[in-house]
Amino acid sequence: MTLDEFVSLSAALTGYPVSTLQPVPDTQQIAATLFAELNLASNNIPAAQLDELTQVWNSISATPPPDLPAAVQEKIIENLAITRLAQNIIYLWFFGTWYDLSKNPNSFTSPNIDHVVSPLAYTNGLVWGEMGAHPMGYSVGQYGYWANVPTLPQIN
Amino acid sequence: MKKTKTITLLIAFAAIAAYIGSASCGNGAGGNKANVAVTDSGHVKTPLSPVLPFDVTLPTSHFVLEGNVRRSFDVFSWDSFIAICWPAQGHSVIGQFGDNPTVWETWKKNYEVFLANGLPPSPWDVTLQSKEANLSQTGKTPANMTFVFQPFLTGPLIDQNGQYNRFEIAMNKEMFDYIDTHKLYNIQGQQAFTDTVSFPQGDNTKKTYGAVMVKASWKVLGKGDDTSRFHKVKAIIHTLALPSKGIRDSSYEAWVGLVGLHIGTRTKISPQWIWSTFEQVDNAPDLGKAVNGKHYNYYNAAAGDKALNKAPAQPWNAGIPGQIPSQVARLTPIDTGTQALNDSIHKLLVAINPHSVWQYYQLIGTQWPVHPTQSNTGDPFPVYMANATLETYDQGSVVNGKIVYSPGVTSSCIGCHNASVTWAGRPADFTYLLKSAQSLKK
């Protein structure tokens, strides 16, 4: 899988546009940081699984946008051979965290494998914007932001 | 005299455009050698200019962050540095006589704006006249240097002679006028100010200057220091009392050398300000790359790295004898493109005078908001940036030989200054200066 394939697949899986996941210019290189996880030996990703996910994505990536969610659902989410890896990519983007592919990702259960990818990946996790919140101890809000009602993003 | 000055400025303005163009092509220094010459009247011609840029000039081609955009901001930083370090008086050019009193040293200091009694500061012109008079008498009326702590009280920086670094802050007329006009120079004025603090923005179209503030870091020159490599001023070194250690309030006069300079410029393109930071070249080595036998201001190979980039133990007071020097290394190396620009500017400075002290200053980096309307902080780049003399202990940390940066902890100009606030609890437009205001005492 290439970085471009990873980013376009990620856009389909998360619902966020490529311009958000990999802005131009890209100051924080989050996409590249997360992509590196797919090639990290200690993450124990079966090569066949990664290849299949890549092939499936390439086979549906040109689907017209209105039909793409259904195609992703059918070909990736409901494909038991690759759905767990796709799920992990979603976790990467939302939590900046890699979970052991062989375990249930509801909690940290594999301390030697589960890990926060990087401080920037964590603070840039999509989950914070989804909640109208920010990670503990870090915010780019202007002074006094805590007195305002959180605003939630509108995702098209 | 006025006509001569205008012509000089015009020549310089035209020349700097050529210099930027040639520097962008990577052959600035070699190509500019022919431009440097002494005229019949004794004036030195150089592409370097005393004209402060209004705003950054962005490339028209595709935005490539690591290429042309970063280059544009770095050129803005160097243009700003050259302009504000230009000789404050006379018709010489920067470094023509080795060292020179600078323009920014004639600006208002923070303690001249935020008076202890909260009264209005003296007008700008009065200060300038006073400063000009003083510049020729620096031995009698030197700067008073008291501040020794870095931001967030992360500790003092101690040089190889056991001397504390000193810091000072100054602002340009545009920034001063905004504070003065809106009476933000005391706590009551800030509390009465109901508008949003918004300092003037430099604008290339309108040809107007924005607010500029500088923060300077100085070391007391002493044993081991090659004084020909520093911009120097004579200053009063003030040490506050620490009764628990038997230390009394005291002052003495000494030569100090500039070791660090932050320049913050608010502009239309970068409303979160453009943050440029410079250092004297002998401050500290890059991590693990100390040059054998070289004298560093804040590193000693024989001391080992056990206390590397760690603040000294408390209590912190410059008067305590026998303090251990700080052991400092730069964790993030200077970008290679920035370094290439440094090299070309240094050659231009050497062409003016091989003994110019300004050739010993280097741009560490420029941070700017890449997407200024995206959030309050505008997506700063580079994400982290630190001056080894001003954010010594916030550069990041070394864990198992790997450098670890932490959002909200590791130094980021915009990220940190975003939290600045006035005495009225309102955002202070990226400057902590307004918190220096005192209560009005009638």
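Residues numbered from 1 in each chain as written. Chains lettered and ligands numbered in written order. Predicted model: local features only at pLDDT ≥ 70, side-chain atom pairs only at ≥ 80, totals over all residues. Heavy atoms only, no water.

**Student:** How should I be thinking about the overall build of chain A in this particular structure?
**Tutor:** When helices and strands are tallied, chain A shows eight helices and two strands. Listing the helices and strands of chain A from first to last along the sequence gives α-α-α-α-α-α-β-β-α-α. Expressed as a percentage of the 156 residues in chain A, the buried residues total 42%. Contacts in chain A between residues far apart in sequence, at least 24 positions, make up 54% of those at least 6 positions apart. As displayed, chain A offers around 8,400 Å² of accessible surface, 57% of which is attributable to carbon and sulfur atoms. (Helix = DSSP H or I, 4+ residues; strand = E, 2+ residues; numbered from the N terminus. Buried < 20%, exposed > 50% of the residue type's maximum accessible area, 1.4 Å probe, protein only. Contact = heavy atoms within 4.5 Å. Areas by Shrake-Rupley, 256 points an atom, 1.4 Å probe, with all protein chains shown as cover.)

**Student:** Even after reading the chapter, I still don't get the overall build of chain B, so can you show me in this structure?
**Tutor:** Broken down by element type, chain B carries nine helices and 13 strands. Looking at chain B residue by residue over its 442 residues, the buried ones come to 52%. Here the analysis covers contacts within chain B between residues at least 6 apart in sequence; of these, 69% occur between residues at least 24 apart. Counting only carbon and sulfur atoms, one obtains 58% of the accessible surface of chain B, whose full area is about 19,400 Å².

**Student:** Looking at this model, I keep getting lost on helix α6 (residues 173-181) of chain B. Mind explaining?
**Tutor:** Residues and elements named next belong to chain B. The complete set of buried residues in α6 reads M175, F176, Y178 and I179. All buried residues of α6 project into a common sector of 160° when viewed along the axis, lining one side. A positive backbone phi angle near 55° is found at K183, which sits one or two residues after α6. (Arc of directions from axis to C-beta.)

**Student:** What is the right way to look at the nonpolar core in this model?
**Tutor:** Nonpolar side chains in soluble globular proteins tend to be buried together. Counting 74 residues, the largest nonpolar core has W104, I179 and L261 of chain B as its most contacted members. The residues contacting L261 of chain B, other than those within four sequence positions of it, are F81, I84, C85, W104, V214, K215, A216, S276, T277, F278, N387 and L390 of chain B. Membership of the second largest hydrophobic core comes to 40 residues, among which are F6, A31, L68 and L126 of chain A. (Core = buried A, V, L, I, M, F, W, Y, C linked by side-chain atoms within 4.5 Å.)

**Student:** I would appreciate a short explanation of the confidence of the model for chain A in the present structure.
**Tutor:** Low pLDDT means the predicted atomic positions in that stretch should not be read closely. Residue-level pLDDT values for chain A average 91, and 95% of them are 70 or greater. Of all the helices and strands in chain A, helix α8 (residues 126-131) of chain A carries the lowest mean pLDDT, 91, while helix α1 (residues 3-14) of chain A carries the highest, 98. (pLDDT = per-residue confidence, 0-100.)

**Student:** Which parts of the structure should I look at to understand the confidence of the model for chain B?
**Tutor:** Residue and element names in this part refer to chain B. Looking at chain B as a whole, the pLDDT averages 85, with 83% of positions reaching at least 70. In this model residues 129-142 is a low-confidence stretch, pLDDT under 50, and it forms 19 contacts with partners more than four residues away in sequence or in other chains. Interface scoring of the predicted complex returns ipTM 0.77; its pTM is 0.85.

**Student:** Honestly, the packing of α1 of chain A against helix α3 (residues 30-37) of chain A in this entry has me stumped. Any pointers?
**Tutor:** The relative placement of two packed helices is expressed as an angle between their axes plus a distance between the axes. Residue and element names in this part refer to chain A. Where α1 meets α3, the axes come as close as 10 Å, and the angle between the chain directions of the two elements is 100°. One finds that α1 runs roughly perpendicular with respect to α3. When α1 is examined against α3, the residues L3, F6 and V7 are found in contact with a partner set consisting of A31, A32, L34 and F35. (Axes fitted to C-alpha atoms, helices over the stretch in contact; angles between N-to-C directions. Parallel < 35°, antiparallel > 145°, perpendicular 65-115°, else oblique.)

**Student:** Teacher, can you tell me more about the side chain of S412 of chain B here?
**Tutor:** All names here are of chain B. Structurally, S412 can be placed in the loop between β13 (402-404) and α9 (413-417). By relative accessible area, S412 is classed as buried at 11%. Engagement of the side chain of S412 in a polar contact is seen with the backbone oxygen of V383, the distance being 3.4 Å. If we ignore the near neighbours within four places in the chain, the residues touching S412 are Q367, V383 and M385. (Polar contact = N/O pair within 3.5 Å; in protein donor to acceptor, adjacent residues only side chain to side chain.)

**Student:** Help me understand the pattern of salt bridges in this model?
**Tutor:** For side chains bearing opposite charge, pairing can occur when the charged atoms are close. Residue and element names in this part refer to chain B. Taken as a whole and assessed by the stated rule, the structure comprises 13 salt bridges over all chains. Residue K232 pairs with D99 through a salt bridge whose shortest N-O separation is 3.9 Å. Highlighted residues: K232 in strand β7 (residues 232-239) and D99 in the loop between α3 (65-84) and β3 (108-109), separated in sequence by 133 residues. Each of D159, K219 and D225 takes part in salt bridges that share partners, so that together they form one network. (Salt bridge = Lys/Arg side-chain N within 4 Å of Asp/Glu carboxyl O.)

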